Amino acid sequence: MEILAKFLVLFNFFTCLVLLVSGATEEEKQKAIEEFRSKVGDVPHPYMKEDFYLVRWLIATEWDMADAIELFKENIKWREENKMDGILEEDWAEFKEKFPHYLDTVAKSGHPIRTGDVGEWDIRAVAVSGKLNKIIRYVEMGMEESLQAIIKLRAEGKNVTRFDFIMNMDQYNEIQHGCTQCMAFYVALVNSYERHYPGFCDRLILFNSPPSFEVVLSIIRPLMNPITRNSLEVYGHDKEQWSKRLLEVVDADQLTPEYGGTFKRKEKA
């Protein structure tokens, strides 16, 4: 029995290795997803057993079945402990006014787009006022809202599996955004994304990013999964460059003027 157990461990290891490095076929990947589906057990919501959701955890762990199951179950526990099913109904009025971000446009791919002018956020003020955990939860609310947008589009019959993240970094400065206290904000967000929404962002585009933001990037890049690092695109203040890239990804009527487009956001009554 001990020899058989060792054989099974080796078999599973080499199966994951084959999927990772030898270019697994779609049939092999689907088989891994089916196995994963059978092992995750009961889930709070039906979408969590769908392929588009399950595969993200396998990819995030480089198709290591044991690691994927552990990460998946840790996320289920985290969602329950942090009442994530009700996060969209919480009172976010204060933060939406001071730290607005939006989910009201779509990319050419059909992905919902999360946009925001992060350079206008005073992260330091939140940190020194003792509300750092609250703003982290606020951004997690945005991630959850983006995931729910995907689920809604899929229910409408659209083959959408991820969202895009496009942020304007204009007015970024070291005092309000690059302070020592601010670093905890960036680290927490990257860790939360990788552990609870891995791979659900197809593109993460930052534009009008100043050279000083490289300090933050040098800290958070090592925390990112290779897939996340590959999805990250950072552009400086050369409008011709970043505008060209944004218009490759998004139609002009889905970008506001400050993003190089013509979209007019509806004013709230």
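Scroll up a little and you will see the structure.
Residues numbered from 1 in each chain as written. Predicted model: local features only at pLDDT ≥ 70, side-chain atom pairs only at ≥ 80, totals over all residues. Heavy atoms only, no water.

Colleague: Please set out the overall build of the protein chain residue by residue, giving values where relevant.
Modeller: The helix and strand tally for the protein chain stands at 11 helices and five strands. Of all 269 residues assigned to the protein chain, the portion counted as buried reaches 45%. Looking at the protein chain alone, contacts between residues at least 24 apart form 71% of all its contacts between residues at least 6 apart. Just so you have it, the protein chain exposes about 14,500 Å², and 55% of that area is on carbon and sulfur atoms. (Helix = DSSP H or I, 4+ residues; strand = E, 2+ residues; numbered from the N terminus. Buried < 20%, exposed > 50% of the residue type's maximum accessible area, 1.4 Å probe, protein only. Contact = heavy atoms within 4.5 Å. Areas by Shrake-Rupley, 256 points an atom, 1.4 Å probe, with all protein chains shown as cover.)

Colleague: Break down the environment of glycine 236 for me, with residues and values.
Modeller: As for its position among the elements, glycine 236 is in the loop between strand 5 (232–234) and helix 11 (239–249). Glycine 236 sits in the partly exposed class, given a relative accessible area of 26%. For the pair formed by glycine 236 and proline 211, sequence separation is 25 residues and the distance between their alpha carbons is 7.7 Å. Contact partners of glycine 236, with chain neighbours within four places excluded, come to Phe207, Asn208, Ser209 and Trp242.

Colleague: Any details on the packing of helix 7 (residues 132–155) against helix 8 (residues 180–196)? Residues and values, ideally.
Modeller: Put simply, helix 7 and helix 8 touch, their axes get as near as 10 Å, and they point 35° apart. When you trace helix 7 past helix 8, the crossing you get is right-handed. Together, Leu132, Ile135, Ile136, Val139, Glu140 and Met143 of helix 7 and Gln181, Ala184, Phe185, Ala188, Leu189, Ser192 and Tyr193 of helix 8 make up the contact between the two elements. (Axes fitted to C-alpha atoms, helices over the stretch in contact; angles between N-to-C directions. Left-handed = near helix turned anticlockwise from the far one by under 90°.)

Colleague: Go over the state of the cysteines with me, naming the residues and quoting the values.
Modeller: For the structure shown, the criterion picks out one disulfide. The residue that forms a disulfide with cysteine 179 is cysteine 182, at a sulfur-sulfur distance of 2.2 Å. Because the sign of the S-S torsion sets the handedness, a value of about 85° for the bond joining cysteine 179 and cysteine 182 places this disulfide among the right-handed ones. One exposure class covers both cysteine 179 and cysteine 182, and it is buried. (Disulfide = S-S within 2.5 Å.)

Colleague: Explain the side chain of asparagine 225 to me, and be specific about the residues and the numbers.
Modeller: Relative to the helices and strands, asparagine 225 resides in the loop between helix 9 (214–220) and helix 10 (226–231). Within the local environment of asparagine 225, its side chain forms a polar contact with the backbone nitrogen of isoleucine 227, the two atoms lying 2.8 Å apart. Ignoring anything within four residues of it in the chain, the contact list for asparagine 225 reads Ala60 and Glu194. (Polar contact = N/O pair within 3.5 Å; in protein donor to acceptor, adjacent residues only side chain to side chain.)

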